[in-house]
Amino acid sequence: MVAEPVLDILTCPVCRSHLSPGNQGLHCLAGHSFDRARQGYVNLRSGRRGAVAGDTADMLADRAGFLGAGYYAPIADSVTASVAAGLPATPGERPVVLDVGAGPGYYLARVLDAVPSAWGVAMDVSTPALRRAARAHPRAAAIGADAWSTLPIRDGSVAAVTDIFAPRNVTEFHRVLRPGGCLVVVTPAAEHLTELVETFGLISVDENKERRLDEVMSGWFTAERSDELRYSIHLDRAAAEQLIGMGPSAFHLTAAERASRLLAVASPLRVTISVHVTRFRPAIR
């Protein structure tokens, strides 16, 4: 069942009232109820179910395998350090970290390992992601919600929000963050995965991405610290296929097409990892 520190911040997605635990899941005083799935997650999506499906089971399997191999460990380390340094310092408190678009919960688990007092919410719209995230860490709860909708989170209740290659609903992030809280965002730089983009015609990074991020954040958040990570990894064909399959390009290339194109590529394949890890503070509005 959802632990008290997490339960305290959750709200009903229909009427915005407090949620309480029941035998099968969560419910509010107005009678809205939300069942706990057998795998351990609770779906708090409002509106028509299935309208947004998110990443598929195959994409999540590729992501879990790739992340588990440690290729993105430097990104996880940077996110963890930024969150740990940015959390409000209140003795005896049990801060909650919200990971939006959490996928299998890899990054959130790393943060919770580094901050023993913290609890986590892995939020995603994808059911296969939630099934994995529910098992990611003993102090994390997996909650189904659409990042572009009103988040089922109480105003000013979250100590940190992480957004790693995920949609950024900055108005909602600002609403749920407590005073002194922080938002840590990971965005790809222009050279990120450039070898795969050039070889396989994958979706490339918008060269104006950082400028557009600044525009979106303007008035809502102020950048406090930004770190650029750039390193190379060497992938065999299986790992390269996982990397392609776990991202948005998976919707445009079938597994057979990926495997066929990879046969023509020398192994191991050198791939550039280049991202920005930025910590923001909520602006006063």
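Let me sum up the structure you'll find in this document.

Bringing the pairing of strand 6 (residues 119–124) into the picture now. Along strand 6, six of the six residues are buried, which leaves the element largely enclosed by surrounding structure. In strand 6, alternate side chains face the same way, and those of Trp119, Val121 and Met123 on one face and Gly120, Ala122 and Asp124 on the other are all buried. The pairing of strand 5 (residues 96–100) with strand 6 spans five bridges and is classified as parallel. Bridge assignment links aspartate 99 to a residue of strand 6, and that residue is alanine 122. Handedness of the crossover joining strand 5 and strand 6 through helix 4 (residues 106–114) is recorded here as right-handed. As paired elements, strand 6 and strand 7 (residues 140–144) share five bridges and run parallel to each other. Each residue of the ladder has a partner; that of glycine 120, found in strand 7, is alanine 140.

This part is about the sheet that holds strand 3 (residues 33–35). Here we have three strands laid out as an open sheet, ordered 1-2-3, and antiparallel in their pairing. The open sheet has two edge strands, strand 1 (19–21) and strand 3, and neither has a second partner. Strand-to-strand, the axes of this sheet are offset by a mean angle of 25°, without reference to chain direction.

In this section: the pattern of salt bridges. Within the structure shown, the criterion is met by 10 salt bridges. Residue arginine 63 is joined to aspartate 55 by a salt bridge in which the shortest nitrogen-to-oxygen separation is 2.5 Å. Classification of arginine 63 by relative accessible area gives buried; the value is 16%. Between glutamate 224 and arginine 281 there is a salt bridge, with its nearest N and O atoms 3.1 Å apart. One end of the pair, glutamate 224, is in strand 10 (residues 221–235); the other, arginine 281, is in strand 11 (residues 269–282), and 57 residues separate them in sequence. The class of glutamate 224 is partly exposed, set by a relative accessible area of 40%. Salt bridges sharing partners connect three or more residues here, namely Asp155, Glu172 and Arg175.

With that out of the way, let us pick up helix 3 (residues 73–86). Across its 14 residues, helix 3 extends 20 Å between first and last C-alpha, which sits within 8% of the 20 Å expected from 1.5 Å per residue. Here the buried face of helix 3 lies against strand 5, helix 4, strand 8 (158–164), strand 9 (177–188), strand 10 and strand 11.

A word on helix 4. Residues of helix 4 that are buried include every one of Tyr106, Tyr107, Leu108, Ala109, Val111 and Leu112, and no others. Looking at the packing, one finds that the buried side of helix 4 touches helix 2 (57–68), helix 3, strand 5, strand 6, strand 7 and strand 8.

The rules behind these values
Residues numbered from 1 in each chain as written. Predicted model: local features only at pLDDT ≥ 70, side-chain atom pairs only at ≥ 80, totals over all residues. Heavy atoms only, no water. Buried < 20%, exposed > 50% of the residue type's maximum accessible area, 1.4 Å probe, protein only. Helix = DSSP H or I, 4+ residues; strand = E, 2+ residues; numbered from the N terminus. Pairing = 2+ DSSP bridges. Right-handed = clockwise from strand over helix to strand, strands pointing away. Axes fitted to C-alpha atoms, helices over the stretch in contact; angles between N-to-C directions. Salt bridge = Lys/Arg side-chain N within 4 Å of Asp/Glu carboxyl O. Expected span 1.5 Å × (residues − 1). Contact = heavy atoms within 4.5 Å.

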